[in-house]
Every structure is written in structure tokens, then in C-alpha cells.
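Architecture and fold: a report
Here are the chains, one letter per residue:
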Amino acid sequence: MKITEVVSHVLQYDLPEELGYSQQYYAKRSAHLVEVRTDEGLSGWGECFGPGNVALANKTIVERVIQPMIIGHDPVDREVIWHKVYNLLRDHAQKGMPLQALSGVDIALWDLTGKIAGLPLCKLIGGQQRDRVPVYGYGMMLKREDLASHLARFEEEAAAIKAAGFAATKMKLGLGAKSDVRLAEAVRRGVGDDFPFMADANHCYTTNDALFVGEALSELDAYWFEEPVAPEDLDGYRELRTRLKVNISGGEAEFTRWGWRHLLEGRCLDIAQPEVCALGGISEYLKVVALAHTHFTPVVNHVWGSAVAVAANLHLLAAMPPLPGGLFPREPLLEFDTTDNRFRDELLAEPLDIQGQVARTGGFASVPEGPGLGVEPDRSFIERYAITL
């Protein structure tokens, strides 16, 4: 079997309402799917991390830079392909969008390999540790409204996410350190004393502001404090981890095993959050998880994207060994964005229905059972939402 074509499908639609986080507001939802086609009519699907214009830029990289390098290769030769592409791009692309583009291609190759072998992804990468994964629901995005409106909405939304059956919830930060503490207090009121909640800053703080917020999160018994400072600020991460009781998490903006090596050897994180659709795909993700576990750092994947990304992460989390082991090991969590996302809920011929599963099971989602990722996008849906350069 040979690769004959690599196609990018960039999808987009207008959200029903504008949403925001600490870096920007956005009014459109986008997704970038990668389809690797073969001479035997079989296709594999992957996804590249990155919104809007980033997705369009990555489409160019996938189709004009990576595609010519891999046409004619056997799709099962994933490591051969990965290292060929990385080595040829190394002078230009050790981080950032080219790695996001390679990620989508690599995930599609793993999907193809699973279909060829007749095995689900979780079996290919080592076996199924669990047949279902606990899910946390995140929402509580920023809007163009005053603090009082944010406080009331965050408390109400946090309570609704808990009532929907999720195992935990996560909020956004970004109004400023003092206001953000009040937002966290509202979330704690919304979920009560014993329900886990997390807070995501999207690297908006200086170290001093992060210490101020982190101390409050510790008092509120937050589970983790995500991306408190800029991803380049490893010294800041180390200082926060040393001085705060709350778990420090991050890593969604890090790429490849070489980038992750610095985070982990520097003891910067209590919880690692690799993004498989960005860091280099499944081939590289497996190396990053091995590196994290070598440093005794638990992994909770970052997940933001379509149903393809969700399916891939369900398999990855199902196959992840417990760290540490024991009768009652710490379980990995699936991140689930509770805001409007047609590319997650309507993309597939047979939807995953994560929210329905969570409600029925008390917080869990099952792993797709078919070969590869175990899901197939609806091509008519793709055609309806596709955009071009």
C-alpha cells in the first residue's frame, strides 16, 4: 500500500456567541482535519491543532511542504515518515505550526495503520488499560461583560457542569489577578466543597501575579493551576511549583520530546498536558508520555478540537499506564469543552455523544471500538463547512 495524496480540510462556522480566554475573544469555531489517502482506497484521518488563520497556514504546510515528502511511502512506516519530515524541516520548524501540521499527518497514519491491522489504536500502542475514561467538563469562558456578570455566570455554569455528570470542571482566568480570584471563588461556590475544579490562565500572568492567584487557588482546594506563566518561562514554572500547594500543570504549547525534556528535567510541572495534535502527533506523543513517566509526572492530555481529536485522545488515555500504580491509581481525565462545537458533536457518521455518555454513566466516556481511531467523518458535513484559502 502506498500514500497517494494528503488532503487538508479546514472547517469553520460562526459561533452563536463570542467567547474569550485570557489572550483573545473569538467568534468562529474552526477545525483542521487531515486525510491521508492510499492507492488501495483506504484513508486515515488526523487533526492539526490551531484555529482560524493558523489552520489555513497549516493547510499550506500539509499540502505543499509535507505531502511531496511522503507520496509513495507505505503508510505503516510511521517512524520513517516522521523522521524524514522532521529532519528536512529541522532548520525551519523545531516548534510551532509545522509541527502542528506534521501532527495531523502522523495521527492519520496511525488511523490507517489500525485499519490495515484491524486493530483499535489503543491496542496498537500497547493495550487497553481501561475501557472507559473519566471526563471533566470545561467552560466558564470570558465574555465582554462586567465582573458582576462574570461572577454570576461562572457560579451558575460551574453548577450546571457538575449537575450534567462530569467528573470535574475547569474555568478560564484572565480578567486580572484580583478579579480572577473572585471568579475562582464563584466557581467553588457553584460546585460545592468536595467537587474538583481546575483553573486555566493561558499564560497571562507574571510570576508575582501567578503566586497571588495560586495561593488563593490553594486555599480553594483547586486541583490544578494551568499555564500560569508564559511557556518559555521555565524558571517561573519552577518557582511556582516550589512555592504553591496547588498542582502546576502545562505543556500544551510545547513540542517534541526535545522541548518536553527541558520542562520535565527542570521539574517544572506537577501534571503534564501534552497536545497530541500539536507536539508531533501520536508517534511523538508516546515518547513524551514515556519521558513524563520517567520523571514520575502524571499526564492529563490537553484536548481542543473536533471529534477526531476526541477519539484519538480517548484511545491514548485508555492505553496510558497508571502513575503511580496501586489498588486505587490516579486515573487520566479526558478534557471536554462544553461550549458550542459542531465539529465535535456533528462531524462523525456515528457521533461519540460524550455528553450523553457522561450523563448516563456518572462521568465517563467509552473508547471507540473500531479499527484505528474507530470513527469516520461524514464527508457531506465536511463539504458543508469547508473553507479555502
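Residues numbered from 1 in each chain as written. Predicted model: local features only at pLDDT ≥ 70, side-chain atom pairs only at ≥ 80, totals over all residues. Heavy atoms only, no water.

Looking only at helices and strands, one finds 15 helices and 12 strands in the chain. With respect to the principal axes defined by its C-alpha atoms, the chain has extents near 60 × 45 × 40 Å. Across the 389 residues in the chain, those meeting the buried criterion constitute 58%. Just so you have it, the chain exposes about 15400 Å², and 50% of that area is on carbon and sulfur atoms. (Helix = DSSP H or I, 4+ residues; strand = E, 2+ residues; numbered from the N terminus. Buried < 20%, exposed > 50% of the residue type's maximum accessible area, 1.4 Å probe, protein only. Areas by Shrake-Rupley, 256 points an atom, 1.4 Å probe, with all protein chains shown as cover.)

Attention now goes to empty space enclosed by the protein. Taken as a whole, this structure holds three cavities of 30 Å³ or more when the rule is applied. As a volume, the largest cavity reaches approximately 80 Å³. Around the largest cavity sit 13 residues that line it, and P298, V299, R330, E331 and P332 are the ones nearest its centre. Grouping the constituent residues of the lining of the largest cavity by class yields 10 nonpolar, one polar and two charged. Considering only enclosed or pocket space, the second largest cavity measures out at about 70 Å³ in volume. Considering the residues around the second largest cavity, the lining is formed by R29, V303, W304, G305, V310, E335, F336, D337, N341 and R344. (1 Å grid on protein atoms, 1.4 Å probe; cavity = no way out; pocket = protein on both sides within 12 Å on 5 of 7 lines; lining within 4 Å. Points joined across faces, edges and corners; volume = space filled by probe spheres on them. Nonpolar A, V, L, I, M, F, W, Y, C, P; charged D, E, K, R; others polar.)

All right, on to the sheet that holds strand 2 (residues 24-38) then. The four strands lie next to each other as 3-2-1-12, forming an open sheet whose pairing is antiparallel. If you trace the sheet from one side to the other, it starts and ends with strand 3 (43-48) and strand 12 (386-387), each paired once. Direction of pairing for strand 2 relative to strand 3: antiparallel, over a ladder of six bridges. Each residue of the ladder has a partner; that of E35, found in strand 3, is W45. (Pairing = 2+ DSSP bridges.)

Looking now at the nonpolar core. Within the largest apolar cluster, 129 residues are counted, with the highest numbers of intra-cluster contacts made by M171 and F225. Ranked by the residues each element gives to this core, the list is headed by helix 12 (residues 307-319), at 11 residues. (Core = buried A, V, L, I, M, F, W, Y, C linked by side-chain atoms within 4.5 Å.)

Scanning the entire structure with this criterion turns up 14 aromatic pairs. A centroid spacing of 5.5 Å and a plane angle of 85° characterise the contact between Y136 and W224, whose relative ring orientation is edge-to-face. Here Y136 is found in strand 4 (residues 132-138), whereas its partner W224 is found in strand 7 (residues 224-226), with 88 residues between them in sequence. Residues Y136 and W224 agree in their burial class; the two are buried. Aromatic side chains F166 and F336 sit 5.8 Å apart centroid to centroid with 25° between the ring planes, which places their arrangement in the stacked category. Taken as a pair, F166 in the loop between helix 5 (147-163) and strand 5 (168-172) and F336 in strand 10 (residues 334-337) lie far apart in primary sequence, 170 residues in all. (Phe/Tyr/Trp six-rings, centres within 6.5 Å; stacked < 30°, edge-to-face > 60°.)

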